[in-house]
Amino acid sequence: MADTALVMGGGGLTAYGWQVGVLAGLADAGVDLVDADVLAGTSAGSMLALELAGGRSPADLYKEQVGRERAMLDVDFTLGMTVRYLWAALGSRDPDTVVERIGRLALSVRDVPQTAVLDAIRPQLPAREWPERTVRMFAVDALTGEPTAFDADSGTDPLHALSASCALPPLFPPITIGAGRWMDGGVRSTTNADLVDDCARVVVLAPVPKGAGASPSARTQAEALAARGTRVALLTPDRAARRAFGRNALDASRIPGAAREGRRQGATHAERIGQIWHG
C-alpha cells in the first residue's frame, strides 16, 4: 500500500488555477503535498499531476497562473454542447446508466478527429516521457463505462493518457488506447477519489465538488475512503472562490482570481490538512 496520495479534480481552467493556488498556500504554511507517493488527477487535475511529478513547484505554477504567463488550452464549450451533455447526464438517477449515456454521446462525436485532440493537448504536456514519480490519470471507457487510472505501466504514452483524461464529450471524441475508447474521467466523478483506495493518507482537492446529475460527490467518495480506514482531507472552493470562478470554467481571464482564492484557502486550511498529511 502506498502511504500518501494527492488527488486533484477536474473542472476546466479555473479548477486548475484554484488547485495551483491551494498547493502554493499550503506550501507557504509548511504543508508540501507535492511529495506524495501518488499524484492522481482527473482532466485538469491530470495535467497538474504531470507537472508536479516533473518537478514544477507550486510557487512557480502560481506565479505563472496569476501573471497569465502561460497560454492555457483555448477551447469553446458551446451552449449546444452543454445542452447535449446535460441531456445525457440528467437522463437517469443511476450513476452507471449516466456514464453509459455520456459514453454514447462521446462515441457520436465524428466531426473532430482524435489527432485534433492530441494536437490541442500536446502544447500543455510537460514532458514526452513518463516521470519517475507515480502519476495516475483517470479516464472512462466510453464502450464499457469502466474507469481506469493510466500510469507508466499502462502501455501508453503521457500524451494519449492526458488526452483521454481531458476528452470531454461532445467537445472531443474519445481517445483510442488499446481496445478502449477513453473519455474524460470527470463524466464518472469530478475527482475519482475512490480509485486511490490503496493509499493510507489522501488529500482530495475538488474544485467542482459534484458533477451533474447522479454522479457521486467528492465528499461521498472521501467518506467511503474514510470508512475503509483511509485518513482523508477534502478541500472544496468556498463562496469567495466560487465567485472568482465565474460561470465559465474555460474563461482564462478568471484564472488569476481563482488562483488567488485557492492560495488563501490553502493557507487557511493548512493546519487541518497537515494533520492528515504528516500523520
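This one's a predicted model, so the numbers in the text were calculated from it and none came from an experiment.

What counts, and at which threshold
- Residues numbered from 1 in each chain as written.
- Predicted model: local features only at pLDDT ≥ 70, side-chain atom pairs only at ≥ 80, totals over all residues.
- Heavy atoms only, no water.
- Salt bridge = Lys/Arg side-chain N within 4 Å of Asp/Glu carboxyl O.
- Buried < 20%, exposed > 50% of the residue type's maximum accessible area, 1.4 Å probe, protein only.
- Helix = DSSP H or I, 4+ residues; strand = E, 2+ residues; numbered from the N terminus.
- Pairing = 2+ DSSP bridges.
- Core = buried A, V, L, I, M, F, W, Y, C linked by side-chain atoms within 4.5 Å.
- Contact = heavy atoms within 4.5 Å.

So, the pattern of salt bridges
- Under the defined criterion, the tally for this structure stands at eight salt bridges.
- A salt bridge links Arg-122 to Asp-119, with the shortest nitrogen-to-oxygen separation between them at 2.7 Å.
- According to the relative accessible area criterion, Arg-122 is partly exposed, its value standing at 43%.
- Between Asp-198 and Arg-136 there is a salt bridge, with the nearest N and O atoms lying 2.7 Å from each other. In this pair, Asp-198 is assigned in the loop between strand E6 (180–184) and strand E7 (199–205) and Arg-136 in strand E3 (residues 134–141), connecting sequence segments 62 residues apart.
- Taking relative accessible area as the criterion, Arg-136 reaches 12% and is therefore assigned buried.
- Residues joined in a network through salt bridges with shared partners are Asp-238, Glu-261 and Arg-264.

Re the pairing of E3
- Of all eight residues making up E3, seven are buried, and the element is well covered by its neighbours.
- Two strands pair when backbone bridges link them, and strand E2 (residues 38–42) and E3 are joined in this way by five bridges, in the parallel orientation. The partner of Thr-42 across the bridge, within E3, is Phe-138.
- By the bridge criterion, four bridges tie E3 to strand E4 (residues 147–150) in an arrangement that is antiparallel. From the neighbouring strand, Ala-139 faces E4, where its bridge partner is Thr-148.

Comments concerning the nonpolar core
- Counting 61 residues, the largest nonpolar core has Leu-6, Met-8, Leu-33, Leu-52 and Leu-205 as the members making the most contacts within it.
- The dominant element in this core, judged by the number of residues it contributes, is helix H1 (residues 13–28), at eight residues.
- Discounting chain neighbours no more than four positions away, the residues touching Leu-205 are Leu-6, Val-7, Met-8, Gly-9, Trp-18, Gln-19, Val-22, Leu-23, Thr-191 and Leu-235.
- In terms of nonpolar packing, the next biggest core, distinct from the first, is built from 16 residues, Val-7, Val-196, Ala-206 and Ala-222 among them.

What about the side chain of Thr-14?
- With respect to the secondary-structure elements, Thr-14 resides in helix H1.
- Exposure remark for Thr-14: the relative accessible area of 2% places this residue in the buried category.
- Contact partners of Thr-14, with chain neighbours within four places excluded, come to Phe-245, Asn-248, Ala-249, Asp-251, Arg-254 and Ala-258.

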